[in-house]
Amino acid sequence: SDEELKAFYEVEYFETDKSTYIDEIHEDIEWWNIAFNDKYNTFEQFLQPHQRTILDIGCGYGHFLQAGQKRGWHTTGIEPSKTAFNYSKNELNLNVLNCVFDNQTRKSLEPFDVIHLAEVLEHIRDPFDFLVTAYHQLKPGGLMCVEVPNDYSPFQRSIEQGLGQDPWWVYPKHHLNYFDFESLGKLMEKVGLELVSKDTTFPMDMFILMGKNYVGNSELGRACHGLRKNFDQNMSKSGHNGAKKKMYQKLAEAGIGREAIITARKPL
């Protein structure tokens, strides 16, 4: 029920299920900031210089908004978790509301140039209705960026069918919906958005296909994460972050990559 979900994400999610999340963010912050800035680069590619207001729904501990502030964006976040809200509000001094995003919350806000939802839709009972509500909070010509796990991908299907691995990406209690690039794109178009960009992240499932089965092995999983982190950071440090981004965009076109990231525009 909505009440059960609200209670879970207000208290349990970051305190129990994701208790190590903040420590891992601090350890990985250089890598995260590369990904964050890639997104802001995409937004700025499709917006005018004066369009710099963003609402991050499900902003977590606020580091994505902090990256935007450093680029001169006017940032607002919504976060139901009291733990994450307190950190983003008190430690990072961000403008964040401790609530769920719904029609009542929407009425208290001004329209935004960008609405960002990362790892949110898979947790929502009615993703279409949720996106419609967010759509009404977006300025004409503004952008909505949605990021979800890219599930039932060609790599995952290969692992399931070829290696006999159970579908570990099915995650009851946490994930109520499962998307790939096609289904997410169709959903966003149904809301009335025009797709402008597809992106992804390193295809973690490829490690399993190469013999490093990290499913159920958190130590190996963290080691594989370290390897993909090295790849992104070394490409960035060498001045070839643009080539990395083009590679991820090509993977997204093929439906491959750990996350499906789609940016779309609200018509004028």
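Scroll up to find the structure.
Note that this is a predicted model, so its numbers are computed, not measured.

**Q** Tell me what's going on with the sheet that holds strand S2 (residues 74-78), and back it up with residues and numbers.
**A** Spatial ordering of the open sheet is given by S3-S2-S1-S4-S5-S7-S6, a layout of 7 strands whose pairing is mixed. The strands lining the two open edges of the sheet, one partner per strand, are strand S3 (96-97) and strand S6 (194-199). Strand direction decides the pairing type here: S6 and strand S7 (residues 259-265), joined by 5 bridges, are antiparallel. Counterpart to Leu195 in the pairing with S7 is Ala264.

**Q** Requested: an account of the side chain of His123, with residues and values cited.
**A** Summarising the element assignment, His123 is placed in the loop between strand S4 (112-118) and helix H7 (127-136). Taking the relative accessible area as the measure of exposure, His123 reaches 9% and is therefore buried. Within the structure, the side chain of His123 is placed 3.4 Å from the backbone oxygen of Glu119, a separation counted as a polar contact. From its side chain, His123 meets the backbone oxygen of His174 in a polar contact 2.9 Å long. Among residues more than four places away in sequence, those in contact with His123 are Leu5, Tyr9, Tyr13, His174, His175 and Leu176.

**Q** For the environment of Ser88, give the residues involved together with the corresponding values.
**A** Locating Ser88 in the fold gives a position in helix H5 (residues 82-91). For Ser88, a relative accessible area of 0% gives the class buried. In this view, Ser88 contacts Gly60, Tyr61, Gly62, Asn93, Leu94 and Val96; residues no more than four positions away in its chain are not counted. Only 3.0 Å separates the side chain of Ser88 from the backbone oxygen of Phe85, close enough to count as a polar contact.

**Q** Could you give an account of the nonpolar core, naming the residues involved and the relevant values?
**A** Residues Ile115, Leu117, Leu121, Leu131, Met144, Val146 and Leu184 are the most contacted members of the largest nonpolar core, which totals 30 residues. With 5 residues, helix H9 (residues 181-191) is the largest single contributor of residues to this core. Core analysis: the second largest hydrophobic core is formed by 28 residues, Tyr9, Ile22, Val96 and Leu143 among them.

Reading the values: rules and limits
Residues numbered from 1 in each chain as written. Predicted model: local features only at pLDDT ≥ 70, side-chain atom pairs only at ≥ 80, totals over all residues. Heavy atoms only, no water. Pairing = 2+ DSSP bridges. Helix = DSSP H or I, 4+ residues; strand = E, 2+ residues; numbered from the N terminus. Buried < 20%, exposed > 50% of the residue type's maximum accessible area, 1.4 Å probe, protein only. Polar contact = N/O pair within 3.5 Å; in protein donor to acceptor, adjacent residues only side chain to side chain. Contact = heavy atoms within 4.5 Å. Core = buried A, V, L, I, M, F, W, Y, C linked by side-chain atoms within 4.5 Å.

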